[in-house]
Amino acid sequence: APSFEQSRAMAALQKEAEGMELHLCPTSQSGYKGVWNTGKKNLRYEAAAGSHRLGRFETAVDAAVCYAKYTASGAEAASKWVATCEA
């Protein structure tokens, strides 16, 4: 079970964006499944689904939206969603 601090942080996260329900993850540093901080100055967050790298993004929410679009669309539409997310 998530700790009190993790639960509080999760409550503050954006749960929906661009019409997509975002995948929250209490054990992820970013708070979103498939999203992590790269430690770089620009494009600080990266998204991946399994072995599919989806791209780098300025915000964790942008990366989480891309992950949500990818998981909702299925593997065959991946390239289309990745192009949309990186545009």
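For the structure itself, look to the data block above.
Residues numbered from 1 in each chain as written. Predicted model: local features only at pLDDT ≥ 70, side-chain atom pairs only at ≥ 80, totals over all residues. Heavy atoms only, no water.

All right, on to the pairing of strand β5 (residues 52-57) then. Within a regular strand, the side chains alternate between the two sheet faces. One ladder, built from five bridges, connects strand β4 (residues 45-49) with β5; its direction is antiparallel. Paired with alanine 47 across the strands is glycine 55, a residue of β5. Connecting β4 to the next strand, β5, in antiparallel fashion are two residues, including glycine 50 with a positive phi near 65°. (Pairing = 2+ DSSP bridges. Helix = DSSP H or I, 4+ residues; strand = E, 2+ residues; numbered from the N terminus.)

This part covers the pattern of salt bridges. Scanning the model with the defined rule gives three salt bridges in all. As a salt-bridge pair, glutamate 18 and lysine 69 come within 2.9 Å of each other at their nearest N and O atoms. Placement of the pair is glutamate 18 in the loop between β1 (16-17) and β2 (20-21) and lysine 69 in helix α2 (residues 60-73), with a sequence separation of 51 residues. For lysine 69, a relative accessible area of 11% corresponds to the buried category. Close ionic contact of glutamate 46 with arginine 53 constitutes a salt bridge, the shortest N to O distance being 2.4 Å. Residue classification places glutamate 46 among the buried residues on the basis of a relative accessible area of 5%. One salt-bridge network, in which partners are shared between bridges, spans Glu46, Arg53 and Arg56. (Salt bridge = Lys/Arg side-chain N within 4 Å of Asp/Glu carboxyl O. Buried < 20%, exposed > 50% of the residue type's maximum accessible area, 1.4 Å probe, protein only.)

What the three strands build is an open sheet, ordered β3-β4-β5; its pairing is antiparallel. For this open sheet the edge positions go to β3 (35-37) and β5, each flanked by a neighbour on one side alone. Taking the axes of each pair of neighbouring strands and ignoring which way they run, one obtains an average angle of 25° across the sheet. (Axes fitted to C-alpha atoms, helices over the stretch in contact; angles between N-to-C directions.)

Here the focus is the nonpolar core. One finds Leu22, Tyr32, Val35, Ala47, Leu54 and Ala63 to be the most contacted residues of the largest nonpolar core, which totals 19 residues. Among the elements of the structure, β4, β5 and α2 are those that each provide at least two residues to this core. (Core = buried A, V, L, I, M, F, W, Y, C linked by side-chain atoms within 4.5 Å.)

Attention now moves to the environment of tyrosine 67. Turning to its location among the elements, tyrosine 67 is positioned in helix α2. Since its relative accessible area comes to 7%, tyrosine 67 is described here as buried. Expressed as a C-alpha distance, the spacing of tyrosine 67 and leucine 54, which sit 13 residues apart in the sequence, is 7.3 Å.

All we've got here are geometric facts, nothing functional implied.
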